[in-house]
Amino acid sequence: MFSISKKQGQAILVIIALSIMVVLPASAYTSGKMGNATSCGGGSCHGASDPGVSVSITGLPVEYVPDQVYPLTISVASVIATTMGGFSLEVSQGTLSNPGVSVQISGDQATHSGSGLRTWTLDWTAPSRHTDSVDIDVAGLASDGSSDGWNTISYDIPESIPDNEAPWITGAYINSQSTRQYMLSAIPDISLSAVLMDVSTGGFNIAGANFTMGPLNWPGTTLPPLDTLDSSTETFELQLAKPTEAGIYTYYPYGWDEYNNYNDTNTEEFATLEIIDDVAPDISDVLLDGLASKGVYPGTSVTLTAKLNDSATGNSNIKYANYTIGYQNWTGSQPMASLDGGFDSPSETVTASIDTTSLLPGSFDIYVYGNDTNDNFNSTPVAKATLVVSTDQIAPEISNILINGQADPTYLLSNVSETSIILSAFLNDTGRGDSDIEGANFTLGMGNWGSSIDMALDNLPTSTEESLSGSVPAPTEAGLFEYHVYGWDSAFNYNNSASEHAELTILDDVPPEIVPISTSQQLGASSSLTYRLTVLDNMTGNSNIGGVNITIGQHNWSSSIAGIADNALDSSVENFTITLDTTNWSAGVYDLYMYAWDDPAYPGPDEMVTELHVLFGMNTPPELGWPSDTDNADGLHPNVGDINTDYQFSIMYWDDGHLPATGEPKLHIMKDGNEIIDSPFNMSTTSGVDTMVPIMYSHTMNLPAGEYTYYFTAIDGSGLAAIPTDIMTGLVVKESLVPSQVTDITLTSLDNGQVQVDWNYIGDAYLAGFRIYRADSENGTYAEIGNVTAGARTFTDASPGSSPYYKVLAFDDWGNELALTDATAYEIDDELLDDDDNTDDDDTGDSDDTSDVDDDDAIPVSIIIAIAVVMMALVVGMMKRRGSRSEAQAPEEEPIEEPAPEVSEEIEEPEQVDETGTSGQ
């Protein structure tokens with residue numbers, strides 16, 4: 001007889017139960033599962049794919065139009081009965097929206113949210129232009145509640161190939177008409193407009209327009225749009241500059257769409273502007289024998305000339321010209337000839353000879369007129385010359401020329417600039433033709449017309465006698481200045497060779513200048529002391545230099561020593577040498593005074609004194625000190641920076657007469673107690689200064705990253721050394737003033753609803769820590785929610801909110817950090833936050849699974865228990881029928897309950913199963 005032990009029976013029971021479990025259909029994910037668009041679980045959910053199941057999408061284009069919305073329908077077909085099923089879809093570009101019945105969307109993925117359908121709808125919006133092809137993957141599942149099957153399909157949809165046709169141009173208008181005509185004298189404001197359309201040449205947005213004067217006359221001018229360029233039909237308009245000459249102007253517009261299809265061959269659509277010349281030529285420079293006013297004896301022939309120009313009044317050629325003696329005296333009109341022999345251009349110089357034989361004595365206005373080839377005649381010109389026919393041919397008499405009411409005054413140079421100098425004279429034409437006085441001027445020196453200045457009349461009624469006056473520029477140097485006066489009468493008789501004048505004498509009472517030399521000096525014992533100096537009088541009277549000397553003590557003339565001039569004393573600038581014999585000098589301080597004078601010397605204090613302190617036979621070491629300004633109070637500015645910063649080291653030096661030796665003072669820079677390469681560094685400043693007062697020396701340089709100390713030393717020209725400064729600390733040089741970017745940020749949802757933020761960081765030796773920022777959207781306002789020390793690389797957000805975004809920024813010891821706008825934002829997925837209680841070990845990477853529990857598709861405990869009880873009862877019954885008393889005694893058991901149709905208890909965690917038991921995805 002067949003018999004088994006109790007343990008063997010239990011083992012068989014377990015094996016049978018497990019075997020039955022293997023063949024049971026997988027339990028359903030009735031609310032769908034994201035991230036399975038290419039495998040429907042790949043065997044972990046529903047086993048291998050089934051060729052008997054087909055999945056399709058209707059509504060997809062062969063080529064997508066950017067930003068177009070496409071309504072999609074996803075369908076699953078199968079021999080499996082019923083209408084139960086599911087799907088999972090993913091797109092590589094574009095956005096999903098408008099979910100239909102039993103459809104849920106998360107980012108670029110979608111799935112079913114119920115198991116009772118095999119057809120689903122949603123919308124897909126294509127990406128913007130110039131994007132790669134779009135991949136769309138979809139997996140579909142069919143089920144009858146006890147068995148299921150699935151399959152997948154993929155689509156590769158390229159962007160629609162853009163058109164290669166340029167937009168149409170229509171409605172090219174000047175002031176709303178294709179052709180406009182205006183007179184040159186009355187051109188209104190002019191605007192050019194055009195309409196560009198791409199509706200039938202691709203349907204793309206218009207991107208821009210320009211125009212040329214004449215077809216294809218490149219480069220063109222931009223035509224601005226009336227509003228935003230966001231459609232395939234756009235209007236462009238531009239206010240044009242008004243033409244300045246007559247002619248026909250053609251404006252050709254061109255345009256292009258957003259794919260740069262450019263209609264650069266437009267020769268048909270244009271606007272025309274015709275400007276008709278109705279403006280007469282300009283008349284200028286009407287002269288008589290080259291003068292605006294001319295006086296002659298009766299019978300004298302005079303040459304009249306004038307310039308006619310139509311280039312700015314239509315640009316028509318000059319046709320002819322004439323003149324009248326008197327305004328619009330047409331009966332006396334006389335023709336004028338072109339100076340170059342023919343009227344053949346818009347600009348002509350015309351001439352005529354006027355015979356004054358028939359003219360009675362008097363004043364005559366000569367007017368010139370011109371006509372262009374469009375018969376525009378300037379019948380009302382304003383350009384004229386004045387002809388005076390007179391028997392008076394004698395210029396007025398000049399007399400009583402005075403300066404400040406004096407015939408020949410004398411002033412000192414030191415106060416002449418503060419004196420008002422008025423030149424006056426009397427002009428008289430009585431008995432010299434008896435013409436009225438017209439005007440007068442004066443020159444500095446006879447006939448020096450470049451210095452001519454008009455003089456004012458006495459404002460009395462015009463007469464043959466006039467008193468005139470005018471301001472005289474004050475001289476800037478000593479000398480004798482002659483002011484000559486000239487006058488003319490109404491017959492234009494000029495006394496342009498007048499010898500009448502007044503003399504102004506300026507005496508040089510201003511001493512020369514001594515070029516600044518060192519005002520202090522320290523000497524060791526020596527036998528002589530030599531000075532080189534320059535004396536100048538070119539700005540203080542411009543007299544020749546007379547000499548220079550030096551005294552030991554002010555005005556101690558008995559000690560005076562004369563300077564030796566390098567050359568003859570014949571100019572206002574001279575160089576001198578003065579040598580003092582110091583053989584018998586004792587150590588001490590000597591005040592030396594230098595004096596200079598010019599020649600001829602003006603009686604009085606005509607000297608320039610320069611004081612010089614000499615410390616003879618004495619020598620002390622130099623001294624160093626810190627600058628007084630705040631920035632350099634420690635000899636350095638700035639104290640903190642990076643490797644690109646210019647660091648300025650400064651020190652104050654003073655001595656009792658000696659300048660520093662060459663290259664001194666010196667800057668010593670140390671790192672880790674040792675001087676760096678090239679240290680010490682030479683410092684520099686302006687040489688030849690007074691060492692009795694502090695002088696600033698500086699050195700500017702860049703430094704590698706690190707922390708430094710520094711100090712200063714100095715040696716003077718006599719070899720004495722200053723006491724070195726203290727060693728200063730606090731110079732910090734960084735690699736960069738802005739810490740580098742935090743990398744590899746990862747976000748983890750914790751069981752308690754918190755979010756853990758982790759990151760990596762490489763770089764800044766002066767790192768102080770990290771600041772964590774959070775916002776409710778990627779481009780929202782980021783607020784600091786906490787910070788950690790430099791050693792930390794993790795942070796826990798206790799209150800993350802519904803859809804947080806995070807940024808992590810490093811900051812250094814000085815608070816510097818990268819700008820928030822330059823940092824990368826990281827998103828914690830909404831569904832990951834909602835899935836805090838899920839512990840599925842086989843599907844931990846699926847952050848979009850909001851309802852799935854166990855990727856092993858666990859069979860409910862109630863079903864396992866029911867199957868095991870039934871199998872156990874069968875085995876026990878078989879064992880009893882075999883009669884095996886010793887081994888068949890069944891263990892004491894609890895009463896077996898019949899399994900309910902639906903039981904919520906499951907392995908590990910609850911999982912949703914619909915009433916049909918559909919094997920969903």
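The shown structure was predicted, so the numbers you read here are calculated from the model rather than taken from an experiment.

### Looking at the overall build of the protein chain
Now for step 1: Within the protein chain one finds four helices and 59 strands.
Now for step 2: Counting across all 921 residues of the protein chain, residues that qualify as buried make up 42%.
Now for step 3: When contacts within the protein chain are restricted to residue pairs at least 6 apart in sequence, long-range pairs at least 24 apart make up 70% of them.
Now for step 4: Carbon and sulfur atoms make up 51% of the accessible area of the protein chain, which amounts to about 45100 Å² in all.

### Quick word on the nonpolar core
Now for step 1: Ranked by size, the top nonpolar core spans 25 residues in total, and within it Ile57, Ile74, Phe87, Leu89, Trp124 and Ile136 carry the most contacts.
Now for step 2: Put simply, the parts of the chain that give this core at least two residues each are β1 (54-58), β2 (69-77), β3 (84-91), β7 (119-125) and β8 (134-143).
Now for step 3: The residues touching Ile136, leaving out its near neighbours within four places in the chain, are Ile57, Leu60, Leu89, Glu90, Val91, Ile153, Ser154, Tyr155 and Ile157.
Now for step 4: Counting residues in each nonpolar core, the second largest holds 23 residues, with Phe681, Ile695, Tyr708 and Phe712 among its members.

### Regarding the environment of Val535
Now for step 1: Note that Val535 resides in strand β36 (residues 528-536).
Now for step 2: Val535 gets classed as buried once you look at its relative accessible area, which sits at 0%.
Now for step 3: For Val535 and Ile514, which are 21 residues apart along the polypeptide, the C-alpha to C-alpha distance reads 4.6 Å.
Now for step 4: Apart from residues no more than four positions distant in its own chain, Val535 is found in contact with Pro512, Glu513, Ile514, Ile545, Val548, Ser572, Val573, Glu574, Phe576 and Ala596.

### Some remarks on the confidence of the model for the protein chain
Now for step 1: Mean pLDDT for the protein chain: 81, with 80% of residues reaching 70 or above.
Now for step 2: For residues 835-864, every residue scores under 50 in pLDDT, and the model assigns this stretch 71 contacts once sequence neighbours within four places are set aside.
Now for step 3: A low-confidence stretch, residues 881-921 stays under pLDDT 50, and its non-local contacts, those more than four residues away or across chains, total 79 contacts.

### A look at unusual backbone geometry
Now for step 1: For the bond running from His637 to Pro638, omega is -5°, close enough to zero to count as cis.
Now for step 2: Tracing the backbone shows Pro638 in the loop between β44 (636-637) and β45 (640-642).
Now for step 3: A cis amide bond links Ser679 with the next residue in sequence, Pro680, at an omega value of 5°.
Now for step 4: Its location among the elements puts Pro680 in the loop between β48 (674-675) and β49 (681-682).
Now for step 5: Not every positive phi belongs to a glycine, and Asn175 is a case in point at roughly 50°.
Now for step 6: Its place among the elements puts Asn175 in the loop between β10 (168-174) and β11 (179-183).
Now for step 7: What makes Asn175 buried here is its relative accessible area of 15%.

### Observations regarding the pairing of strand β46 (residues 647-654)
Now for step 1: With respect to burial, β46 is a largely interior element, six of its eight residues being buried.
Now for step 2: Taken together, the two bridges between β44 and β46 define a ladder with antiparallel strand orientation. Within β46, the residue paired with Leu636 across the bridge is Phe649.
Now for step 3: Two elements, β46 and strand β50 (residues 695-701), share seven bridges in a ladder whose sense is antiparallel. Considered in β50, the bridge of Ser650 is made with Ser698.

### Remarks on the pattern of salt bridges
Now for step 1: A full pass over the atoms with the stated rule returns nine salt bridges.
Now for step 2: Ionic pairing is found between Asp566 and Arg532, a salt bridge with its closest N-O pair at 3.1 Å. Placement of the pair is Asp566 in the loop between β39 (564-565) and β40 (573-581) and Arg532 in strand β36, with a sequence separation of 34 residues.

### Re the sheet that holds strand β29 (residues 437-444)
Now for step 1: Read from one edge of the open sheet, five strands run β27-β33-β32-β29-β30, paired in mixed fashion. The open sheet is flanked by β27 (410-412) and β30 (453-455), the only strands paired with a single partner. Along the sheet, successive strands turn relative to each other by an average axial angle of 30°, direction set aside.
Now for step 2: The pairing of β29 with strand β32 (residues 479-489) spans seven bridges and is classified as antiparallel. By the bridge assignment for β32, Thr443 is matched with His484.

Quick notes on the rules
Residues numbered from 1 in each chain as written. Predicted model: local features only at pLDDT ≥ 70, side-chain atom pairs only at ≥ 80, totals over all residues. Heavy atoms only, no water. Helix = DSSP H or I, 4+ residues; strand = E, 2+ residues; numbered from the N terminus. Buried < 20%, exposed > 50% of the residue type's maximum accessible area, 1.4 Å probe, protein only. Contact = heavy atoms within 4.5 Å. Areas by Shrake-Rupley, 256 points an atom, 1.4 Å probe, with all protein chains shown as cover. Core = buried A, V, L, I, M, F, W, Y, C linked by side-chain atoms within 4.5 Å. pLDDT = per-residue confidence, 0-100. Pairing = 2+ DSSP bridges. Salt bridge = Lys/Arg side-chain N within 4 Å of Asp/Glu carboxyl O. Axes fitted to C-alpha atoms, helices over the stretch in contact; angles between N-to-C directions.

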